[in-house]
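Descriptive structure summary
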Amino acid sequence: PDSDTADEAVRGTCDDASICKRFAVSSGYWKDPYIQYFVRQAKERKAPEINRGYYARVQGVNLLLNAFLRKTECNCQIINLGAGLDTTFWRLKDENLLPKKYFEVDFPAIVARKLYNIKSKPPLSKPIMETHSGESLLLDAHSLDSARYSIIGADLRNLKDMEEKLKKMSMDPQLPTLLVSECVLVYMTPEQSASLLQWATNTFPTAMLINYEQVTMESLSHETLLLENNLLEWINQLLITWGFFCNQVNMMDRFGQIMVENLQRRQCNLAGVDTCQSLQSQTERFLSTGWESADAWNMMNVYSNLPQEDVMRIEKLEFLDEKELLEQLLLHYCISWATKDSLGLGLAGITF
Ligand code: SAM
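Residues numbered from 1 in each chain as written. Predicted model: local features only at pLDDT ≥ 70, side-chain atom pairs only at ≥ 80, totals over all residues.

Moving on: unusual backbone geometry. A positive phi angle is found at Glu 73, which is not glycine, with a value near 50 degrees. Here Glu 73 shows up in the loop between helix H2 (48–72) and strand S1 (77–81). A positive phi angle, near 60 degrees, is found at Asn 96, a position not held by glycine. If you trace the backbone, Asn 96 turns up in the loop between helix H3 (88–94) and strand S2 (101–106). (Helix = DSSP H or I, 4+ residues; strand = E, 2+ residues; numbered from the N terminus.)

Among the 20 residues in the neighbourhood of the ligand, the closest are listed as Thr 13, Cys 14, Gly 82, Gly 84 and Glu 182. Element by element, the count of residues in the shell around the ligand is highest for helix H1 (residues 3–26), at six residues. For the shell around the ligand, the per-class residue count stands at 10 nonpolar, four polar and six charged. (Near = placed C-beta within 6 Å. Nonpolar A, V, L, I, M, F, W, Y, C, P; charged D, E, K, R; others polar.)

A regular strand places its side chains so that they alternate between the two faces of the sheet. Summarising burial for S2: six of the six residues are buried, a large majority. What you see with S2 is no split at all: Lys 101, Phe 103 and Val 105 on one side and Tyr 102, Glu 104 and Asp 106 on the other are buried throughout. In this structure, S1 lies alongside S2, joined through five bridges in parallel fashion. In the strand pairing of S2, Leu 81 is matched with Val 105. Assessed by its sense of winding, the connection that carries the chain from S1 through H3 to S2 is right-handed. Pairing of S2 with strand S5 (residues 149–153), which is carried by five bridges, proceeds in the parallel orientation. Residue pairing in the sheet places Tyr 102 in a bridge with Tyr 149 of S5. (Buried ≥ 20, exposed ≤ 12 C-beta atoms within 10 Å, placed from the backbone. Pairing = 2+ DSSP bridges. Right-handed = clockwise from strand over helix to strand, strands pointing away.)

Let's shift gears to the sheet that holds S5. Across a sheet, paired strands are connected by hydrogen bonds in the backbone, their directions being either parallel or antiparallel. With mixed pairing, the nine strands of this open sheet are ordered in space as S3-S4-S5-S2-S1-S6-S7-S9-S8. Each having just a single partner strand, strand S3 (138–139) and strand S8 (293–298) make up the two edges of the open sheet. With respect to the sheet, H2 is in contact with strand S6 (177–182), strand S7 (206–214) and strand S9 (333–341), its orientation differing from that of S7 by roughly 175 degrees. (Contact = placed C-beta atoms within 7 Å. Axes fitted to C-alpha atoms, helices over the stretch in contact; angles between N-to-C directions.)

Right, let's get into the UniProt feature "binding site: S-adenosyl-L-methionine" (unreviewed entry) in the protein chain. UniProt feature "binding site: S-adenosyl-L-methionine" (unreviewed entry): in the numbering of this structure it lies at Arg 57, Gly 82, Asp 155, Leu 156 and Glu 182. Look at the named residues: they lie 126 residues apart in sequence, and the longest C-alpha span between them is 24.2 Å, so in the fold they stay spread out. Among the structural elements, Leu 156 can be located in the loop between S5 and helix H6 (159–168). Take Leu 156: there are 21 C-beta atoms within 10 Å of it, and that puts it in the buried class. For Leu 156, the residues in contact, after removing those within four places along its chain, are Leu 81, Gly 82, Val 105, Met 162, Met 188 and Leu 196. Tracing the chain through its elements places Glu 182 in strand S6. Taking the C-beta count within 10 Å as the criterion, Glu 182 has 22 such neighbours and is therefore assigned buried. Glu 182 has contacts with Val 61 and Tyr 212, leaving out every residue within four places of it along the chain. (UniProt positions renumbered as here; feature names shortened; annotations may be inferred.)

Next up, the structure:
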């Protein structure tokens, strides 16, 4: 595929993420009154393993993000890279935890869609108006610039252009800065993501980065991963269609997941490394791009360290007959985070 087609496929992933999140929300896994305004309800049920996986992802990222806000007493900025249709801005506003400014970056086409929804749905636009003061608010088809929330369309692989756009929206490099990349770096080559990580440490003296993604093996080429992801997507669609006809959607969903697992397992064997080693390569990636401290946990560990009262609540929501499948799924994803702390705020102490 040419690079435009490849980028188009990458852009499509933001719907998948939000549709899965919306389904988990509607099943009671966590609260998000805003996601319904961005994506439709899933046509078919998602398997309990998928819902729990998304629960661990969202709660895990939120936990570290909230810890950063506490350490900086919200005297900071957040830049969500490849934010897609993420709703964190509205959550933070409702919880009275907004940073000085919250930025989002994604491809212009995704940003245009997000802005269209914001403009046409008062429950989304009202909170932005409420936090706005002073000069007139900019909300056109391509970007949003308000006092506390900005959205820009840019390519994360074109750092100069992205930085210029962020600066226009009064990004302040001297402020403690949290960068979030949730399922995003995997869509870039290792060189491109390394440049992004290096840009961050060159630009912000006091910063933290929270990254969620599939545990990838260095020896497995980026192209192979993308190809297999595309193949999986195709197989999944096929299974869903088939399942629709057979009225066995739930089972088909699981079947699809098992195939994902097998492929992932195969990828691991192919690379000949275990999860620990690849977690180590996650932290090395940060340390070699100017970050001072770094850590990486697989999602099984994250899940076991989330507030257990809530975990017990969600485990009662749906019956899970295949515990092992969930564990396998969680083991193949990780949250990694890194810090750089010129102001000495104690960012390196943030953990689960
Ligand atoms: N972070 C969101 C979440 O977890 O719900 C969205 C995740 S989605 C899997 C990946 C997002 O990254 C998409 O919205 C995609 O458009 C964006 N993305 C990937 N590569 C990008 C690039 N080079 N420049 C800008 N955005 C990019």
